[in-house]
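An overview of the molecular structure
The lines below spell out each chain.
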Amino acid sequence: MRSLLRSGAARTIVNLSSQRAFSSTTLLYKRLQDDAKATPGDGSAAKSSKGVTLGSRSRASSVKQGHDPKSRLRLDKGKYSGRHAIFRSTVLMRFQHVLKSLNASNVSLGGVGEDELNRQASLFMDILDQAFSMAEQNITRREKNPLFWNLRDAFILKDLKGLTNELQYSFQSFLIRQKFSKGLEESHKRLLDFRFPHEWFPATRAMQRTIHVHVGPTNSGKTYRALKALENSKRGVYAGPLRLLANEVYQRLTAKGLPCALITGEEIRIPENTDTYFKSCTVEMTPLNEEFDVAVIDEIQMLGDADRGNAWTSALLGVQAKEVHLCGEERTVNLIQSLCATIGDKCIVHRYERLSPLETMDHAINGDYNELRKGDAIVAFSRLNLHAMKRSVEKATGRRCAIIYGNLPPEVRVQQAALFNDPNNDYDFVVASDAIGMGLNLEIRRVIIESVMKFDGSQNRLLTFPELKQIGGRAGRYRTARDATESAVDTETEDKIGYVTAMDQADLKYVHRAFNCPVDDIQFAYIAPPAAAVERFSTYFPRDTPLSFILMRIRELASVGSRYHLNVTSDALELADIIQDIPLAIYDRLTLVHLPVSLRAEGSIPAIRALARIIANNDNGDLLDIKEIPLEFLDINPREYDGTPQDYLWKLESLHSAINMYLWLSYRFQGMFRSQALAFHVRSLVEERLVESLEKMDFTDEELQHKRTYKRRQLQSRMKTRGAVGDEGLRAAQTEEEMVTHKPPASPEGEYLPLGNG
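Residues numbered from 1 in each chain as written. Predicted model: local features only at pLDDT ≥ 70, side-chain atom pairs only at ≥ 80, totals over all residues. Heavy atoms only, no water.

All right, on to the overall build of the chain then. When helices and strands are tallied, the chain shows 25 helices and 22 strands. Relative to its 758 residues, the chain shows a buried fraction of 57%. A sequence separation of at least 24 residues applies to 78% of the contacts in the chain between residues at least 6 apart. (Helix = DSSP H or I, 4+ residues; strand = E, 2+ residues; numbered from the N terminus. Buried < 20%, exposed > 50% of the residue type's maximum accessible area, 1.4 Å probe, protein only. Contact = heavy atoms within 4.5 Å.)

If you want it as structure tokens, here you go:
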């Protein structure tokens, strides 16, 4: 196998993902200086030209006046009682944590010593005070009070972790504010002119494309029509949101005798004995330097997603296809028409209606599995919950239950879907992840939502209304993949009513609200800084300048069109800091910050750093030589393991995450990470162990109920905490709290904590 791999490190183009817009503290700092000059000498308070009440003096000159967050909080005790007082205290305490981390880390601060760092920290806290003073006067909009807006936004989206990261990058930006002249900053802004991202794809702009927009609710046949256009072409590409869906289209085309390649971040399958073939890929892997007759981009509404939207925007603007078929929701139409008008592409909108009625039920299952009927699908959001639910359903009903989620081996997923879709066996039910909401073809009669909360990588949150509509809309499937490939019979006249309900009555109210409320149009598409622009911009800074700071500086200075938002993901920033002290080229850093990694997994950070050192040193990356990848976990006998079953499962998931990182890099640095075949073999062994372990884990119905109850309480507690941010944040928190209000039986404190991936 190794002889089949090319030598040399193959490096692919990197597309950075996105987060949210950012504005500098520089403007506030200049205002603060102006206000200080205008402050009366008698020590009384003064008002700035903007009408914001400020302290009469700068507290940066004396330790006694509070030059660190703790002393400032102590001195301000009882003095600051505005409606943002709790949030301000939280910000200052997290800033204390930032200062400790910066002092202890290897991240460069441009030669700033401890005394100077404390002085700058005091100045930065003056700016924080001004931002909160403006907020007390209802000046909270992004363009007027960017620092407060960013801090509040980070807290609402990512809790304390997001707030801490935002403070760190804002403070780093503040430290470097005096390093550049005004002329050099203007030069930076010219380099970071991202108003016309369609110009990043000149070969595509030379084509005259026709954009077909297929929109409608779930189960309306829009994706089916787009795939028929793909099948009728000579050469085409499908781009979907999940590996699971890319694999499904790959299998569909292959079953029809059409040669097709499967291309995802961690696996590439190329058909043999032909140079002309279709491609089925995840959106991030869409080939933008090849010409196609037809391209299908699924779930186009994802271009408005903060974390992954850049991939959809790049695919839409950059794919070189004569016909581009976009499948998604009605709320994208105005944005897509606007983008097409800007780039000169012809836009045709095809609207579809549901092929079967959909009803939300008035009663929940309430844990009574005798209420289940053949064709029911229970949707849950973690592997642990899925397997626990499968065992509970089979034990209570005496019938078989299929299981489908993204990390199952492809062959197992196909087998499980076939078992559920076949009416002539005893597989009456299926438990599945929310992957079914993205278009996985299953013959579902009723969708039962196990919980309206899911773990999004950083916290448990409520499902959005569009997410619930998409998941619930899979009930009453009109056509399965088997129907499409094996039969041409029109089943449109069949009366297939789809039903949606919840596992608990407490969640059903929120489900009803989701299906009854209209959803706003998507106003903008997310983009990320192109790798070439990041590389060139980095040359303005010393070699040891943190990449995270460079990315945040780009986010601060870049000009973006009204239909776009520029963002950088918090995961990318965190990964950048993890490998900052390793001597890597900027291009390699940009590649590594997009590793598919769960930073919560045991040993993930040492594994990331070990892989980065191999790239930095151009070392031999044989899998067996990387001690930070814990292959020894495979030697553990679960029957003899001293820890809990959950601990054993956690170790297997950590190894699975590390192997996925290795495979991802093996396609980008082929000359270094050459144990690809072994890595695939190890991954299959880990997946087998995972399935076996999950199958053996058992939970009572009461335990599953307590897990859901715990998540509701956790969310309610967080909503109350978020109320401290005031304004729109408080109203949003109150709304969300109302949606999940429920008073279940008390459970033991600290019991039934969410495990694994949420």
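So, about the sheet that holds strand 19 (residues 498-502). Pairing is parallel across the open sheet formed by six strands, whose spatial order is 12-19-16-13-15-14. What marks the edges here is a single partner per strand, and that holds for strand 12 (358-360) and strand 14 (400-404). Strand after strand, the sheet turns through a mean of 20 degrees between neighbouring axes, direction not considered. By the bridge criterion, three bridges tie strand 12 to strand 19 in an arrangement that is parallel. The partner of Glu-359 across the bridge, within strand 19, is Tyr-499. Across the sheet, helix 14 (residues 465-472) lies against strand 12, strand 13 (376-379), strand 16 (446-449) and strand 19, angled at about 140 degrees from strand 16, the strand it touches most. (Pairing = 2+ DSSP bridges. Axes fitted to C-alpha atoms, helices over the stretch in contact; angles between N-to-C directions.)

Bringing the confidence of the model for the chain into the picture now. Of all residues in the chain, 77% attain a pLDDT of 70 or more, and the chain-wide mean is 80. The low-confidence segment residues 38-65, where pLDDT is below 50, has 45 contacts with residues more than four positions distant or belonging to other chains. Below pLDDT 50 for its whole length, residues 478-494 participates in 27 contacts with residues either more than four positions away or in separate chains. (pLDDT = per-residue confidence, 0-100.)

This part covers the sheet that holds strand 7 (residues 267-269). Strand order in the open sheet formed by eight strands is 7-6-8-5-9-10-4-11, with mixed pairing between adjacent strands. Two strands close off the open sheet at either side, each with one partner strand: strand 7 and strand 11 (346-351). Sheet twist, expressed as the mean angle between neighbouring strand axes with direction ignored, is 15 degrees. Direction of pairing for strand 9 (residues 291-297) relative to strand 10 (residues 320-328): parallel, over a ladder of six bridges. Note that in strand 10 the partner of Ala-295 across the bridge is Val-324. Strand contacts of helix 11 (residues 333-343): strand 4 (210-215), strand 10 and strand 11, with the helix running at about 160 degrees to strand 11, the strand carrying the most contacts.

We now examine the side chain of Lys-222. Summarising the element assignment, Lys-222 is placed in helix 8 (residues 222-231). From its side chain, Lys-222 meets the backbone oxygen of Gly-216 in a polar contact 3.2 Å long. Among all residues touching Lys-222, those that are not within four sequence positions of it are His-214, Val-215, Gly-216, Pro-217, Cys-327, Gly-328 and Tyr-352. (Polar contact = N/O pair within 3.5 Å; in protein donor to acceptor, adjacent residues only side chain to side chain.)

Once that is clear, we can look at the packing of helix 22 (residues 645-666) against helix 23 (residues 676-696). In the contact formed by helix 22 and helix 23, the axes pass within 9 Å of each other and the chain directions differ by 155 degrees. Looking at the two axes, helix 22 sits roughly antiparallel to helix 23. The crossing of helix 22 and helix 23 is left-handed. Contact residues: helix 22 offers Tyr-648, Leu-649, Leu-652, Glu-653, Leu-655, His-656, Ile-659, Asn-660, Tyr-662, Leu-663 and Ser-666, while helix 23 offers Gln-676, Ala-679, Phe-680, Val-682, Arg-683, Val-686, Glu-687, Arg-689, Leu-690, Ser-693 and Leu-694. Split into classes, the residues belonging to the contact of helix 22 with helix 23 amount to 13 nonpolar, five polar and four charged. (Parallel < 35°, antiparallel > 145°, perpendicular 65-115°, else oblique. Left-handed = near helix turned anticlockwise from the far one by under 90°. Nonpolar A, V, L, I, M, F, W, Y, C, P; charged D, E, K, R; others polar.)

Turning our eyes to something else, we now look at helix 6 (residues 182-191). For helix 6, the set of buried residues is Ser-187, His-188 and Leu-191. Taken down its axis, helix 6 places every buried residue within 105 degrees of arc, on the same side. Turned more than 90 degrees from where helix 6 packs its buried face, Lys-182 and Arg-190 sit exposed. Where helix 6 is buried, its residues contact strand 3 (193-194), helix 17 (531-538) and helix 18 (547-557). (Arc of directions from axis to C-beta.)

What follows deals with helix 9 (residues 243-255). Across its 13 residues, helix 9 extends 18 Å between first and last C-alpha, which sits within 8% of the 18 Å expected from 1.5 Å per residue. Along helix 9, the positions that sit buried rather than exposed are Leu-244, Leu-245, Ala-246, Asn-247, Glu-248, Val-249, Tyr-250, Arg-252 and Leu-253. Taken from the residues just after helix 9, Gly-257 is the one with a positive phi, measuring 80 degrees. (Expected span 1.5 Å × (residues − 1).)

Next up on the list: the pairing of strand 13. The alternating pattern of strand 13 places Asp-376 and Ile-378 and Ala-377 and Val-379 on opposite faces, both of which are buried. The sheet contact formed by strand 13 and strand 15 (residues 427-432) spans four bridges and is parallel. Note on strand 15: the bridge partner recorded for Ala-377 is Val-430. Here strand 13 runs beside strand 16; their pairing, made up of four bridges, is parallel. Counterpart to Val-379 in the pairing with strand 16 is Ile-449.

What follows is about the pairing of strand 5 (residues 236-240). Strand residues, when the strand is regular, have side chains that alternate between the two faces of the sheet. Among the five residues in strand 5, five count as buried, and that is most of the element. Burial along strand 5 is two-sided: Gly-236, Tyr-238 and Gly-240 facing one way and Val-237 and Ala-239 facing the other are all buried. Summarising the sheet, strand 5 and strand 9 pair through four bridges and their orientation is parallel. For Tyr-238, the partnering residue across the bridge sits in strand 9 and is Val-296. Note: strand 5 against strand 8 (residues 278-282), four bridges, orientation parallel. By the bridge assignment for strand 8, Tyr-238 is matched with Ser-280.

Moving on: the environment of Trp-650. By the secondary structure assignment, Trp-650 is in helix 22. With a relative accessible area of 24%, Trp-650 lands in the partly exposed category. Between the C-alpha atom of Trp-650 and that of Glu-602, which follows or precedes it by 48 residues, the distance is 7.6 Å.

A few words on the nonpolar core. Core analysis: the biggest nonpolar cluster contains 171 residues, and Leu-326, Ile-608, Ile-629, Ile-659, Leu-665 and Phe-673 have the highest contact counts within it. Ranked by the residues each element gives to this core, the list is headed by helix 22, at eleven residues. One finds Phe-95, Ala-135, Leu-151 and Phe-155 within the second-largest nonpolar core, a separate group that totals 26 residues. (Core = buried A, V, L, I, M, F, W, Y, C linked by side-chain atoms within 4.5 Å.)

Taken as a whole and assessed by the stated rule, the structure comprises 32 salt bridges. With a shortest N-O distance of 3.0 Å, Lys-161 and Glu-574 are connected by a salt bridge. A residue pair is termed long-range when its members are at least 10 positions apart, and Lys-161 in helix 5 (residues 146-175) and Glu-574 in helix 19 (residues 570-578) qualify at 413 residues. The partly exposed category is assigned to Lys-161, whose relative accessible area is 40%. Looking at Glu-574, the relative accessible area reads 21%, which means it is partly exposed. (Salt bridge = Lys/Arg side-chain N within 4 Å of Asp/Glu carboxyl O.)

Under the definition given, this model contains 18 aromatic pairs. Each ring, one from Phe-124 and one from Phe-174, has its centre 5.6 Å from the other, and the planes form 55 degrees; the classification is tilted. Of this pair, Phe-124 sits in helix 4 (residues 114-136) while Phe-174 is found in helix 5, placing the two residues 50 residues apart along the sequence. The pair Phe-124 / Phe-174 is uniform in exposure class, with both members buried. (Phe/Tyr/Trp six-rings, centres within 6.5 Å; stacked < 30°, edge-to-face > 60°.)

The next subject is the packing of helix 12 (residues 383-397) against helix 23. Contact geometry of helix 12 with helix 23 gives a least axis separation of 8 Å together with a crossing angle of 50 degrees. Relative to helix 23, the element helix 12 lies oblique. Both helix 12 and helix 23 take part in a crossing whose hand is right-handed. Here Arg-383, Leu-384, His-387, Lys-390 and Arg-391 of helix 12 lie close against helix 23, whose contacting residues are Leu-690, Val-691, Leu-694, Glu-695 and Lys-696. Residues belonging to the contact of helix 12 with helix 23 are distributed by class as follows: four nonpolar, one polar and five charged.

Although it is not a glycine, Asn-219 sits at a positive phi angle of roughly 60 degrees. Backbone geometry places Asn-273, a non-glycine residue, at a positive phi of 65 degrees. With respect to the helices and strands, the residue Asn-273 is situated in the loop between strand 7 and strand 8. Classification of Asn-273 as exposed rests on a relative accessible area of 81%.

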